[in-house]
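Architecture at a glance
So you can see what is in the structure, the chains are spelled out below.
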Amino acid sequence: MADSLAAVFKRPWDTQLAYFRQKLNLGTERWTDIMKGQHDKAFVVAGAMAGDLLEDLRQAVDKAVAGGSTLADFRRDFDKIVAERGWEYNGSSDWRSRVIYQTNLASSYAAGRWQQLTDPDMLKVRPYWRYKHSDSVLRPRPQHLAWNGLILRADDPWWQIHFPPNGWGCQCSIVAVSEQELRGKYGKLGPDTAPVIETREIIRPDGSSVYVPDGVDFGWDYTPGQAYLGRQLLDKAATTSARIGAAAVRSAAENINALDKVIQEQWRPLVQRIYPDPSNYKPSKQRIHIGALAPDLVEHIETVTGQELATAVISVDDSEVKHALRDAGGKAAKRVSQADALRAVVGMYQPERVYQVVEQSESKALYLMIYPAQGGKKHIKAVVSVGYRTKDKQDGKRVSIQTNTLTTLGYVELSDLDNPAQYRRVK
């Protein structure tokens, strides 16, 4: 029983280790200080604030994730670290060490498994997922038992909040299923119907309330690794051809909602920090990938212009975002709302129209991505500079890169774009 979780998740692989090792240490007072997808970026132990204590705990967990220690081994490491650092924590040693060990082992396994199962090549041959309850659990949750054997398409929205683990100590897992197995091995003519999602109200420590799906513990209604995979996907797409990169991003956007996760984890917090007062925001000049151009858009641009794009990925540094969200001078009336700014990544991915900027009869590498504003009464102009050459920090070094970068956001009248001397319609 002591090492039942290690037995279930006994073979770590590169994606699982990479997921855990890319996290940054973050001191927290309570386990609710960060929630859901935020765990994809941070290693936390509730109540562990000191950097040296957190790093020692991280190294002990790393050894466990890598398959180098059992729960008993981890408990010995835990007790030694606590004694050396003089850490006072809530709960017993056995309980606290088990929670840390099981949570990190299960979530890193799930993140690695998610990446494995959502690989486009895997989805082609095994488009269904089967929920599997672990027989090693002594006190199984009724809902998890009820889901045992459930087979749904991999892109069914139900998985977005029910991909295991679904709570503290949950040892459920997912098995990929082919069309042949669905019919032959499991005797089904098609996938099951997703269970109706019932919710319950949970009162948070601060007195606020949140609704959580039945069968899922508070804070576990997300899929570990989605946000990480979205960022990793854009990193890879940025280093390949525009058409290949765009196709990969489209596959992720359609099958695993990776684009949505990137928006939430990268673009959204950046806009929320800058938008209220761009003039007083101090840029760090850090460049991040925020989205991509859709495959059909890449094809349109390359066909019309006769020029290959260096990449399909759109990136920004926060100084460019500050410029795009500015509200100074005569252009203040065209400043987009915060809600419309948050939609910019999706708008650039699937624009309603696209124009190339023309200057003195020469086409420039500036494109206007036009998409409807919230409510549909206005249109937004996102100006993207393609083939933009800049410097970026990679592995601690400044290197030259070619990217597509967002430079401006604003409202525009469609009639103003009907000017061949200034704009060339691409789509």
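Before any of the text, the structure's been laid out above.
Residues numbered from 1 in each chain as written. Predicted model: local features only at pLDDT ≥ 70, side-chain atom pairs only at ≥ 80, totals over all residues. Heavy atoms only, no water.

Let's shift gears to the packing of helix α2 (residues 14-21) against helix α3 (residues 51-65). Interaxial distance between α2 and α3 falls to 10 Å at its minimum, and their mutual angle equals 170°. Taken together, the axes of α2 and α3 lie roughly antiparallel to each other. The segment α2 lies against α3, with Gln-16, Leu-17, Phe-20 and Arg-21 engaging Arg-58, Val-61, Asp-62 and Val-65. The residue inventory of the contact of α2 with α3, partitioned by class, reads four nonpolar, one polar and three charged. (Axes fitted to C-alpha atoms, helices over the stretch in contact; angles between N-to-C directions. Helix = DSSP H or I, 4+ residues; strand = E, 2+ residues; numbered from the N terminus. Parallel < 35°, antiparallel > 145°, perpendicular 65-115°, else oblique. Contact = heavy atoms within 4.5 Å. Nonpolar A, V, L, I, M, F, W, Y, C, P; charged D, E, K, R; others polar.)

Moving on, we come to the packing of aromatic side chains. Aromatic rings in a pair are described by how distant their centres are and how their planes are angled relative to each other. All told, the structure shown has 16 aromatic pairs when counted by the stated rule. For the ring pair Phe-20 and Phe-43, a centre distance of 5.7 Å and an interplane angle of 80° mean the geometry is edge-to-face. Residue Phe-20 is found in helix α2, and its partner Phe-43 is found in strand β2 (residues 42-43); the two are separated by 23 residues along the sequence. With a relative accessible area of 1%, Phe-43 lands in the buried category. Ring plane angle 80° and centroid distance 5.2 Å describe the contact between Trp-168 and Trp-220, whose orientation is recorded as edge-to-face. Of this pair, Trp-168 sits in the loop between α8 (159-162) and β5 (173-177) while Trp-220 sits in the loop between β7 (209-213) and α10 (226-237), and the two are 52 residues apart along the sequence. A residue is classified by how much of its surface remains accessible, and Trp-168, at 35% relative accessible area, is partly exposed. Aromatic ring contacts, followed pair by pair, group Trp-114, Trp-129, Tyr-131, Trp-147, Trp-158, Trp-159 and Phe-163 into a single cluster. Above the face of the Tyr-275 ring, Arg-335 is positioned so that its terminal group lies 3.7 Å from the ring centre. It is Lys-378 that lies over the ring of Tyr-411; its NZ or CZ is 4.4 Å from the centre. (Phe/Tyr/Trp six-rings, centres within 6.5 Å; stacked < 30°, edge-to-face > 60°. Buried < 20%, exposed > 50% of the residue type's maximum accessible area, 1.4 Å probe, protein only. Lys NZ or Arg CZ within 6 Å of the ring centre and 35° of its normal.)

Within this structure, the stated rule accounts for 17 salt bridges. Among the ionic pairs, Glu-302 bridges to Arg-243, the shortest N-O distance being 2.7 Å. Here Glu-302 is found in helix α13 (residues 295-305), whereas its partner Arg-243 is found in helix α11 (residues 242-255), with 59 residues between them in sequence. Using a relative accessible area of 42% as the deciding quantity, one classes Arg-243 as partly exposed. Residues joined by salt bridges that share partners form a network here, namely Asp-52, Asp-56 and Arg-85. (Salt bridge = Lys/Arg side-chain N within 4 Å of Asp/Glu carboxyl O.)

You can see Thr-403 is positioned in strand β13 (residues 397-412). Owing to a relative accessible area of 3%, Thr-403 belongs among the buried residues under this scheme. At a separation of 2.8 Å, a polar atom in the side chain of Thr-403 contacts the side chain of Ser-315. Thr-403 has contacts with Arg-287, Thr-311, Val-313, Ser-315, Ser-385, Val-386, Gly-387, Tyr-388 and Thr-390, leaving out every residue within four places of it along the chain. (Polar contact = N/O pair within 3.5 Å; in protein donor to acceptor, adjacent residues only side chain to side chain.)

Before going further, it helps to examine the sheet that holds strand β4 (residues 151-153). Where strands meet in a sheet, backbone hydrogen bonds hold them as pairs that are either parallel or antiparallel. Across the sheet, three strands lie side by side as β4-β3-β5; this open sheet has antiparallel pairing. The outermost strands of the open sheet, each flanked by one partner alone, are β4 and β5. Within the sheet, the average angular offset between the axes of one strand and its neighbour, ignoring direction, is 35°. Looking at chain direction, strand β3 (residues 128-132) and β5 are connected through five bridges and run antiparallel. Looking across to β5, one finds that Tyr-128 is bridged to Val-177. Helix α5 (residues 93-117) rests against β3 and β5 of the sheet, and its axis sits at about 10° to β5. (Pairing = 2+ DSSP bridges.)

Take the pairing of strand β8 (residues 287-292) next. With six of six residues buried, β8 lies mostly within the body of the structure. Sheet analysis places β8 next to strand β9 (residues 313-317), joined by five bridges and oriented antiparallel. Residue pairing for β9: Arg-287 is matched across the bridge by Asp-317.

Once that is clear, we can look at unusual backbone geometry. Across the junction of Pro-164 and Pro-165, the peptide omega takes the value 10°, indicating a cis bond. Relative to the elements of secondary structure, Pro-165 occurs in the loop between α8 and β5. The backbone of Lys-285 sits at a positive phi, close to 65°, despite the residue not being glycine.

Once that is clear, we can look at the packing of α3 against helix α4 (residues 71-85). Closest axis-to-axis distance for the α3/α4 pair is 10 Å, and the angle between their directions is 170°. One element, α3, and the other, α4, form an angle in the roughly antiparallel class. Residues Asp-52, Leu-53, Asp-56, Leu-57, Ala-60, Val-61 and Lys-63 of α3 lie in contact with α4, whose contacting residues are Phe-74, Asp-77, Phe-78, Ile-81 and Arg-85. Split by residue class, the contact of α3 with α4 holds seven nonpolar, no polar and five charged.

Everything listed here is a matter of coordinates, which is why it stays silent on function.
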